[in-house]
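One-letter residues, chain by chain:
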Number of protein chains: 2
Amino acid sequence: MSITTEQMRFWSPEVRELEPYVPGEQPKIQNLLKLNTNENPYPPSPKVVEAVQAVLVDSADALRLYPDPDASALKQAIAKQQNVALENVFVGNGSDEVLAHIFKAFFVQDKPILYPDITYSFYPVYSQFFGVKTKVLPLNDAFEIVVDDYKQANGGIIITNPNAPTSIALGLQAIEEVLQANPDSVVVIDEAYVDFGAESAVKLVEKYENLVVCQTTSKSRSLAGLRVGFAIAQPHLIAALEAVKNSFNSYPMDRFAIAAAVASFEDQTYFEQQCEKVIRSREKLVNELQEIGFVVLPSKANFIFASLPNKDAGELAAELRACGIIVRYFNKPRINQFLRITIGTDEQNQRLVETLKQDILA
Amino acid sequence: MSITTEQMRFWSPEVRELEPYVPGEQPKIQNLLKLNTNENPYPPSPKVVEAVQAVLVDSADALRLYPDPDASALKQAIAKQQNVALENVFVGNGSDEVLAHIFKAFFVQDKPILYPDITYSFYPVYSQFFGVKTKVLPLNDAFEIVVDDYKQANGGIIITNPNAPTSIALGLQAIEEVLQANPDSVVVIDEAYVDFGAESAVKLVEKYENLVVCQTTSKSRSLAGLRVGFAIAQPHLIAALEAVKNSFNSYPMDRFAIAAAVASFEDQTYFEQQCEKVIRSREKLVNELQEIGFVVLPSKANFIFASLPNKDAGELAAELRACGIIVRYFNKPRINQFLRITIGTDEQNQRLVETLKQDILA
C-alpha cells in the first residue's frame with residue numbers, strides 16, 4: 001500500500017521515520033521444514049495442556065473477568081524455579097514486550113547505550129522507538145564480544161547471551177567484568193537461548209544492583225504460541241519496569257498464558273529433558289554439517305550459525321527453500337555468508353543434511 | 001517498597017516522573033459481588049470454549065510455534081462482523097495496548113490533543129508516557145461533551161463514546177461535526193462500551209480519512225480474561241498503527257486469544273442476546289435506584305454513574321464493600337459524589353438494591 005504525503009500528515013512525525021522489526025516468516029505451507037525462527041521441535045509439557053483445560057472448565061468466570069493485572073501466580077512460579085524472591089520478577093507479553101519496557105525504563109539517557117554490531121535486530125528498533133541513543137560496538141573477527149569495549153561511558157548496555165544470530169556464549173566472568181566496570185549503568189543480559197547450554201546470570205542478580213536478566217518461554221519451554229517473557233533484577237529495577245508497564249497496559253497477560261506458563265515452570269523435569277534432547281541433536285547436526293564442509297560457530301543455543309565456503313549463503317537458503325526447508329538468512333554486512341539454522345528433531349536435522357548432500361551439493 | 005535516590009539513578013529520567021494508571025481492583029475474595037470493573041456478568045459464547053479446545057487438540061504444534069504476527073484470522077473475523085475490509089482492521093493485546101499505539105502513532109505532535117476532563121483516566125497516562133501535549137476540556141454541568149470546544153487548534157482528539165465513567169453517549173451527528181471541524185487531526189472514538197445501546201462510528205470510517213474507532217472484546221463479548229482489542233480506520237491510519245506495533249512487539253496476540261476471539265466474532269446471535277440482556281437489566285436497575293432516590297445519568301453503557309443526594313459517595317462505597325459489594329469510586333473533583341456501578345445479572349442487581357434498602361439506607 002502506498003501512502004500519500006497528504007495522508008502522512010496524520011502520522012506523528014517521529015513515527016514516519018520508524019523502521020520496524022521484521023520477524024522471521026511464518027509460512028502457512030504444509031510439509032515445510034521450518035528451521036527459521038528458533039522454535040522448539042518438541043511440544044510443551046503435557047501439564048501445560050492440562051492447565052489450559054482447567055481454565056476452560058471454569059470458563060464462565062475465567063474468561064469474562066479481567067486477569068490478575070500483576071500475574072502474581074506466574075511471578076511466583078518463576079521466582080520458585082529461578083530461586084529468587086517474588087519481588088525480583090517482572091513478566092510481560094513475550095520477551096519482546098519485556099525488552100521494550102526495559103529500553104523505556106532504563107535506556108532513555110543522555111549517553112548512548114552499547115550493544116554489538118551483530119546481535120538481536122530488534123535493539124535498534126526499540127532504540128528508535130523510544131529515542132534511545134546508541135553506540136554499536138563490533139564483535140571481533142571470531143564473532144565474539146570484546147569485553148574491554150564495554151568499559152567506556154554509556155547510558156546502558158544490552159548483551160544477548162548466547163548471542164543471536166552467532167550462537168556464541170559469554171562466560172559469567174566476562175559478564176561480571178562488564179557489571180563491575182559500569183556501576184552507574186543498567187546492564188541487561190538477554191538470555192532468550194540460555195537454557196541450551198550457557199550459564200545464566202540470574203545467580204548474579206543478588207550481587208549486582210545494575211543487572212537485569214531477561215528470559216523467554218518461547219524457546220526452551222516450547223511456548224512461542226503463548227507470549228510469555230520475564231525479567232529478573234533487584235526490586236528497585238523491577239519497580240521501574242512496573243511503572244512503565246502500568247503506563248502502557250495494565251493487563252498484558254491473559255488467563256490462558258498465565259495458567260499455561262505456571263504449569264510449564266512447575267514441570268522442571270520435562271523442561272530439562274527437552275533441553276537435553278535439543279543439545280544432543282545440535283551436537284550431532286554440527287558434526288554432520290562439518291563433515292560436509294560447513295564452518296559452524298560454537299553454539300550454546302537452539303540454533304547454529306553456519307557458513308559453507310565457496311557457496312553463497314543467500315543462494316543456499318533459496319535452494320533449501322525450493323526443497324521445502326526454511327532457514328534464516330540475514331542479508332547484512334559481515335554475516336551475509338552465514339545461515340542461522342534452528343535445531344529440529346534428529347529426524348528433521350537428518351532431512352536437512354540429506355537434502356544438502358543429495359539435492360544441493362551433489 | 002521505597003527506592004533510594006541513589007537507586008533511582010538507574011531509571012530513565014522521564015520514567016521517574018511517570019504516574020501509572022491504577023486499574024480497578026481484582027480482589028481474590030469468595031462471594032464478593034464485583035461491580036467495579038465493567039465486566040460482563042455472562043460468560044462468552046460457548047463457541048469460544050470450543051475454539052480453545054480445538055487449539056489444544058492440535059497443541060503440539062499450536063503452542064511451540066509462534067502465532068501469526070498479523071493475526072490475520074482475527075482481523076478477517078472482525079472485518080466481516082464490522083462490515084469493513086481487512087485493510088481497515090488493527091488488533092492488539094487488549095484495547096489498552098491499541099490505545100497506547102494510537103497515542104504514539106498519531107498524537108506525538110506540536111499541538112496538544114483534546115479530551116474531556118472526565119473520561120478514561122488512562123489518557124493522561126499515555127500522554128505522559130509518550131510525551132503527548134494535552135488540553136483538557138471540561139464537560140458541561142450535565143456531564144456532556146461540548147462539541148464546540150473541539151473546534152480549536154489541536155494535535156488530535158480522543159473521545160470515549162459512551163463516555164466513562166459518565167455512561168453518556170454522543171450521537172453520530174455530533175461526532176461528524178467534530179470530524180468535519182478537524183480535517184487535519186486524527187479523531188479517535190474509543191467505543192469500549194458502544195455495544196450496550198450507543199451508535200458506533202465504524203460506519204463513518206469510509207467517509208472520514210481522519211477517524212479511528214477503537215473497540216474491545218472485554219465488555220460486550222465477555223473476554224476480559226483474554227486481552228483482545230481492535231481499531232477500525234482507513235488504511236493510511238492502520239499503516240501507522242502497524243509501524244508502531246512492529247517497532248514494539250511483533251507477536252502481541254497469542255494463539256488462544258486469536259482462536260477464542262475469532263469464535264466470538266463468528267457468533268453474532270449470542271453476542272446480541274447477551275447485550276440485550278444487559279441493557280434490559282440496566283433499565284430495571286436504573287428504575288429501582290431512582291425509586292430509592294438515586295440520581296442516575298442516562299446510560300448507554302454496561303454501567304451506570306449514580307449519586308445519592310445527602311449521602312457521601314465515598315462512604316456509600318465503603319458501606320457497600322462491608323456488605324460484600326464492590327463498586328468503583330473515583331475520589332476526584334466533580335465526580336467524588338458518584339459511584340460507577342457495573343450492570344450485573346438481574347439477581348446481582350437485586351442483591352445490590354436489597355443491600356442498599358435493608359442494610360445501608362434503612
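Residues numbered from 1 in each chain as written. Chains lettered and ligands numbered in written order. Predicted model: local features only at pLDDT ≥ 70, side-chain atom pairs only at ≥ 80, totals over all residues. Heavy atoms only, no water.

If you look chain A up in an unreviewed UniProt entry, it shows as Histidinol-phosphate aminotransferase from Acinetobacter tandoii DSM 14970 = CIP 107469. The annotation that UniProt attaches to chain A under Cofactor (unreviewed entry) is "pyridoxal 5'-phosphate". (UniProt positions renumbered as here; feature names shortened; annotations may be inferred.)

Digging into the overall build of chain A
Scanning chain A from N- to C-terminus turns up 13 helices and 12 strands. In terms of overall dimensions, chain A is globule-like: its C-alpha atoms have a radius of gyration of 21 Å, near the 21 Å expected for 362 residues. Referenced to the eigenvectors of the C-alpha coordinate spread, the extents of chain A come out at roughly 55 × 55 × 55 Å. Split into buried and exposed, the 362 residues of chain A put 65% on the buried side. Partitioning the intrachain contacts of chain A with sequence separation of at least 6 by distance along the chain shows that 72% fall at a separation of at least 24. Carbon and sulfur atoms provide 48% of the accessible area of chain A, an area that totals close to 13300 Å². A distance of 3 Å separates the average location of the 33 positive side-chain charges in chain A from that of its 45 negative side-chain charges. (Helix = DSSP H or I, 4+ residues; strand = E, 2+ residues; numbered from the N terminus. Rg over C-alpha atoms; globule rule 2.2 N^0.38 Å. Buried < 20%, exposed > 50% of the residue type's maximum accessible area, 1.4 Å probe, protein only. Contact = heavy atoms within 4.5 Å. Areas by Shrake-Rupley, 256 points an atom, 1.4 Å probe, with all protein chains shown as cover. Lys, Arg positive; Asp, Glu negative; His and termini not counted. Charge placed at Lys NZ, Arg CZ, Asp CG, Glu CD.)

Structural notes on the relation of the copies chain A and chain B
Once chain A has been moved 0.0 Å along the axis and rotated by 180 degrees, it coincides with chain B to within an RMSD of 0.0 Å. Taken together, the turn and the small shift mark the pair as related by a two-fold rotation axis. (Least-squares fit on C-alpha atoms with pLDDT ≥ 70 in both.)

Points about the environment of B:Lys277
Residues and elements named next belong to chain B. Position of Lys 277 relative to the elements: it lies in helix 11 (residues 268–292). Since its relative accessible area comes to 31%, Lys 277 is described here as partly exposed. Each C-alpha atom of the pair Lys 277 and Val 108 lies 41 Å from the other, and the pair is 169 residues apart in sequence.

Regarding the interface of chain A and chain B
Each partner contributes to the interface: chain A provides 90 residues, whereas chain B provides 90 residues. Together, the buried faces of chain A and chain B total about 7600 Å²; carbon and sulfur atoms form 60% of this surface. Broken down residue by residue, the surface that chain A buries against chain B is led by A:Phe10, A:Tyr66 and A:Phe248, which jointly contribute 11%. Counting the contacts that link chain A with chain B gives six salt bridges. A:Glu209 is the partner of B:Arg9 in a salt bridge, and the nearest nitrogen-oxygen pair spans 3.0 Å. Along the contact surface separating chain A from chain B lie 50 residue pairs in polar contact (both at pLDDT 80 or more). Of all the secondary structure elements, the ones that give two or more residues to the side of chain A that touches chain B are helix 2 (13–16), helix 3 (46–57), helix 4 (59–64), helix 6 (95–106), helix 7 (123–130), helix 9 (235–245) and helix 10 (255–266) of chain A. (Buried area = accessible area lost by both parts, 1.4 Å probe. Salt bridge = Lys/Arg side-chain N within 4 Å of Asp/Glu carboxyl O. Polar contact = N/O pair within 3.5 Å; in protein donor to acceptor, adjacent residues only side chain to side chain.)

Thoughts on the domain arrangement of chain A
Residue and element names in this part refer to chain A. As far as domains go, chain A holds domain 1 (24–43 + 269–360) and domain 2 (46–266). Centre-to-centre separation of domain 1 and domain 2, based on C-alpha positions: 25 Å. On the side of domain 2, 28 residues touch domain 1, which itself brings 26 residues to the contact. Ranking the residues of domain 1 by area buried against domain 2 places Phe 271, Lys 300 and Arg 334 at the top, with a combined share of 33%. (Domains from an automatic or database assignment.)

Re the packing of helix 12 (residues 313–322) of chain B against helix 13 (residues 346–360) of chain B
A pair of packed helices can be characterised by two numbers: the angle between their axes and the separation between those axes. All names here are of chain B. At a minimum axis distance of 11 Å, the contact between helix 12 and helix 13 shows a crossing angle of 100 degrees. Considering the angle they form, helix 12 stands roughly perpendicular to helix 13. Contacts from Leu 316, Glu 319 and Leu 320 in helix 12 reach Leu 352, Thr 355, Leu 356 and Ile 360 in helix 13. Split into classes, the residues belonging to the contact of helix 12 with helix 13 amount to five nonpolar, one polar and one charged. (Axes fitted to C-alpha atoms, helices over the stretch in contact; angles between N-to-C directions. Parallel < 35°, antiparallel > 145°, perpendicular 65-115°, else oblique. Nonpolar A, V, L, I, M, F, W, Y, C, P; charged D, E, K, R; others polar.)

Concerning the packing of aromatic side chains
Evaluation of the coordinates by the stated rule reveals 34 aromatic pairs over all chains. When the ring of A:Phe248 is compared with that of B:Phe129, the centres are 6.1 Å apart and the planes differ by 50 degrees; the resulting orientation is tilted. Residue A:Phe248 is found in the loop between helix 9 and helix 10, and its partner B:Phe129 is found in helix 7 (residues 123–130); the two belong to separate chains. Side by side, A:Phe248 and B:Phe129 carry an identical accessibility label, which is buried. Look at B:Phe122 and B:Tyr126: their rings are 4.2 Å apart centre to centre, the planes differ by 10 degrees, and that puts the pair in the stacked class. For B:Phe122, a relative accessible area of 0% gives the class buried. In this arrangement the basic side chain of A:Lys104 is found over the ring face of B:Phe129, its NZ or CZ atom lying 4.4 Å from the centre. (Phe/Tyr/Trp six-rings, centres within 6.5 Å; stacked < 30°, edge-to-face > 60°. Lys NZ or Arg CZ within 6 Å of the ring centre and 35° of its normal.)

With respect to the sheet that holds strand 12 (residues 339–342) of chain A
Residues and elements named next belong to chain A. With antiparallel pairing, three strands are arranged side by side in an open sheet as 9-10-12. Where the open sheet ends on each side, the last strands, each with one partner, are strand 9 (295–296) and strand 12. Of the pairings in the sheet, the one linking strand 10 (residues 303–307) to strand 12 comprises four bridges and is antiparallel in character. The residue bridging Phe 305 from the neighbouring strand is Arg 340, located in strand 12. (Pairing = 2+ DSSP bridges.)

Considering the UniProt feature "modified residue: N6-(pyridoxal phosphate)lysine" (unreviewed entry) in chain A
With numbering matched to this structure, UniProt assigns "modified residue: N6-(pyridoxal phosphate)lysine" (unreviewed entry) to A:Lys219. Looking at where A:Lys219 falls in the secondary structure, it is placed in the loop between strand 7 (211–216) and strand 8 (229–233). Excluding residues within four positions of it along the chain, A:Lys219 makes contact with A:Thr37, A:Asn38, A:Asn40, A:Ala192, A:Tyr193, A:Phe196, A:Asn302 and B:Tyr66.

Considerations on helix 5 (residues 72–82) of chain B
Residue and element names in this part refer to chain B. Burial in helix 5 covers these residues: Ser 72, Leu 74, Lys 75, Ala 77, Ile 78, Ala 79 and Gln 82. Looking at the buried residues of helix 5, the elements they touch are strand 2 (89–92), strand 7 (211–216), strand 8 (229–233), helix 9 (235–245) and helix 10 (255–266). Of the residues flanking the end of helix 5, it is Asn 83, one or two places downstream, whose phi is positive at about 60 degrees.

Observations concerning the sheet that holds strand 12 (residues 339–342) of chain B
Whenever strands of a sheet pair, they do so through backbone hydrogen bonds, lying parallel or antiparallel. Residue and element names in this part refer to chain B. Read from one edge to the other, the open sheet built from three strands follows the order 9-10-12, with strand pairing classed as antiparallel. Each of the sheet's edge strands pairs with one partner strand only, and the pair in question is strand 9 (295–296) and strand 12. Contacts from helix 11 reach strand 9, strand 10 (303–307) and strand 12, with the element oriented near 10 degrees to strand 10.

Here we look at the pairing of strand 4 (residues 134–137) of chain A
Here strand 3 (residues 113–116) of chain A pairs with strand 4 of chain A via four bridges, running parallel. Bridge pairing in strand 4 of chain A places A:Ile113 opposite A:Thr134.

Quick look at the nonpolar core
One finds A:Leu74, A:Leu211, A:Phe256, B:Leu74, B:Leu211 and B:Phe256 to be the most contacted residues of the largest nonpolar core, which totals 123 residues. Dropping the residues within four chain positions of it, A:Phe256 is found in contact with A:Val52, A:Val55, A:Leu56, A:Leu63, A:Leu226, B:Val52, B:Leu226 and B:Phe256. Counting residues in hydrophobic clusters, the runner-up holds 80 residues, among them A:Tyr120, A:Val212, A:Phe248 and B:Phe10. (Core = buried A, V, L, I, M, F, W, Y, C linked by side-chain atoms within 4.5 Å.)

Some points on the pairing of strand 3 (residues 113–116) of chain B
Here strand 3 of chain B shows no split at all, with B:Ile113 and B:Tyr115 on one side and B:Leu114 and B:Pro116 on the other all buried. For the crossover from strand 3 of chain B across helix 7 of chain B to strand 4 (residues 134–137) of chain B, the handedness is right-handed. (Right-handed = clockwise from strand over helix to strand, strands pointing away.)

With respect to unusual backbone geometry
Residues and elements named next belong to chain A. In this model, Ala 164 is joined to Pro 165 through a cis peptide bond whose omega is 5 degrees. Mapped onto the elements, Pro 165 comes out in the loop between strand 5 (157–160) and helix 8 (172–181). The backbone phi angle of Asn 38 is positive, close to 55 degrees, even though this residue is not glycine. Residues other than glycine seldom take positive phi values, yet Ser 167 does so here, at roughly 80 degrees. Within the element layout of this structure, Ser 167 appears in the loop between strand 5 and helix 8. Here Ser 167 falls in the buried class, since its relative accessible area comes to 0%.

Considering the side chain of B:Ser200
Residue and element names in this part refer to chain B. Within the secondary structure layout, Ser 200 lies in the loop between strand 6 (187–190) and strand 7. Among the polar contacts listed, one links the side chain of Ser 200 to the side chain of Glu 191, at a separation of 2.7 Å. For Ser 200, the side chain forms a polar contact with the main-chain nitrogen of Val 202, separated by 3.0 Å. When residues no more than four places from it in sequence are discounted, the contact partners of Ser 200 are Leu 172, Glu 191, Val 194 and Gln 215.

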